[in-house]
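Residue-level structural notes
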Amino acid sequence: MFAFLSGRPCLDLTTTLQVRHRTPVETLRSPQDARDWIEQAGLAEEVAVGDDGLVRLRELREVIHRLARAALGATCPDPADVRRLNDAAAHPPTVPRLTGGAARHRGDLDQVLSTIARDAIDLLAGPYAGRIRECAHADCSRLFLDASHAGRRRWCGMAACGNKSKSAAYRRRTRGGADHQATRPSDEHSAHS
C-alpha cells in the first residue's frame, strides 16, 4: 500500500498525502493505516496508535513537508514549524535491537515521531538539504532526496514516474512525427506546383 521511494524516512512520510498539487489523496486514513506505515517503514513494530496519534503523525508530516518545500525553494522556514520539529525530536528515538541477524526497532509513538523528526533535522541541516526534489511527473507530487552523482534526478522513481514520463514524451514525439510525415507530401506537392 505504501511506497518508500523518497530516500529518507522523513520524506517518505510526506508522501502519505499524495497528489498534493491537484486533488490530495490521504493514505493515513485510520490509526491502523498509521501503524501499518510505521511498521512498513521499519521504524518500529506493534506501536499503539489511536485517533490522537494519527493526528500527531499527520501534523508532523505537514511540518516536515513545509520545511522540505522551504529547503527546495531556498526560502526561510516558518519558525513555528522549526519549533514543532524540534519539540518532536526532543523525545528519545526508537531503540534498535539485533534479532535473528536483523535490526528491529522498538518504541512508542513519541519515540517514532522523534526518530522521524531527527531524520528531518539531519536532512534539513546537512549537506543534502539542497538535494531535495519534487518529482517532475505531472501526476506526482512526491518529494525525494536526489542522491545521484550528477544531482539531476527528475523523478521519484524510474519504475513508475520516470517510465511514464518517458513513454508519454515518446508518444508525443512519434505522434508529432506522424503528423509531420502526413503533411510532408502536400508540402512537397505545393513546392513542385
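First things first, this report covers the structure right here in the doc. (Residues numbered from 1 in each chain as written. Predicted model: local features only at pLDDT ≥ 70, side-chain atom pairs only at ≥ 80, totals over all residues. Heavy atoms only, no water.)

Moving on, we come to helix α5 (residues 109-124). In this model α5 runs 22 Å from its N-terminal to its C-terminal C-alpha over 16 residues, within 8% of the 22 Å that 1.5 Å per residue would give. Those residues of α5 that sit buried are Leu-109, Gln-111, Val-112, Leu-113, Ser-114, Thr-115, Ile-116, Ala-117, Asp-119, Ala-120 and Leu-123. The N-cap of α5, judged by a side-chain oxygen 3.2 Å from the amide nitrogen of Asp-110 a few residues on, is Asp-108. (Helix = DSSP H or I, 4+ residues; strand = E, 2+ residues; numbered from the N terminus. Expected span 1.5 Å × (residues − 1). Buried < 20%, exposed > 50% of the residue type's maximum accessible area, 1.4 Å probe, protein only. Polar contact = N/O pair within 3.5 Å; in protein donor to acceptor, adjacent residues only side chain to side chain.)

Further remarks concern empty space enclosed by the protein. Applying the stated criterion across every chain, the model contains one cavity of 30 Å³ or more. Each pocket or cavity is described by its volume, and for the largest cavity that value is around 40 Å³. In this structure, the largest cavity is lined by Phe-2, Ala-3, Asp-12, Thr-15, Thr-16, Gln-18, Trp-37 and Arg-142. Residues that form the lining of the largest cavity fall into these classes: three nonpolar, three polar and two charged. (1 Å grid on protein atoms, 1.4 Å probe; cavity = no way out; pocket = protein on both sides within 12 Å on 5 of 7 lines; lining within 4 Å. Points joined across faces, edges and corners; volume = space filled by probe spheres on them. Nonpolar A, V, L, I, M, F, W, Y, C, P; charged D, E, K, R; others polar.)

Attention now moves to the pairing of strand β3 (residues 95-99). Of all five residues that make up β3, zero are buried, and the element is exposed over most of its length. Summarising the sheet, β3 and strand β4 (residues 102-106) pair through five bridges and their orientation is antiparallel. In the strand pairing of β4, Val-95 is matched with Arg-106. Hairpin remark: β3 followed by β4, antiparallel, with two residues in the connecting loop; positive phi at Gly-100, about 60°. (Pairing = 2+ DSSP bridges.)

With respect to the helices and strands, the residue Leu-123 is situated in helix α5. Along the chain, Leu-123 and Leu-145 lie 22 residues apart, while their C-alpha atoms are 9.1 Å from each other. Apart from residues no more than four positions distant in its own chain, Leu-123 is found in contact with Arg-8, Cys-10, Leu-11, Tyr-128, Ala-129, Ile-132 and Leu-145. (Contact = heavy atoms within 4.5 Å.)

This part covers the nonpolar core. By size, the foremost hydrophobic cluster in this structure holds 32 residues, and its most contacted members are Trp-37, Ile-38, Leu-60, Ile-64, Leu-85 and Ile-116. When residues of this core are traced back to their parent elements, those giving at least two are α1 (9-14), α2 (31-40), α3 (51-72), α4 (79-89), α5 and β6 (143-145). Beyond its immediate stretch of four places on either side in the chain, Trp-37 contacts Phe-2, Phe-4, Pro-9, Asp-12, Leu-13, Thr-16, Leu-28, Leu-43 and Ile-116. Core analysis: the second largest hydrophobic core is formed by five residues, Cys-135, Phe-144, Cys-156 and Cys-161 among them. (Core = buried A, V, L, I, M, F, W, Y, C linked by side-chain atoms within 4.5 Å.)

Turning to its location among the elements, Thr-115 is positioned in helix α5. With a relative accessible area of 19%, Thr-115 lands in the buried category. Those residues within four positions of Thr-115 in sequence are excluded, and the remaining contacts are Leu-43, Pro-93 and Thr-94.

Helix length check: α3 (22 residues) gives 31 Å between terminal C-alpha atoms against 32 Å at 1.5 Å per residue, within 8%. Residues Gly-53, Leu-54, Leu-57, Leu-60, Arg-61, Glu-62, Val-63, Ile-64, His-65, Leu-67, Ala-68 and Ala-70 constitute the buried set of α3. Once α3 ends, the next one or two residues include Ala-74, with phi positive near 55°.

Before going further, it helps to spend a moment on the pattern of salt bridges. Enumeration according to the criterion identifies 12 salt bridges in this entry. Salt bridges sharing common partners tie together Arg-20, Glu-26, Arg-58, Arg-61 and Glu-62. (Salt bridge = Lys/Arg side-chain N within 4 Å of Asp/Glu carboxyl O.)

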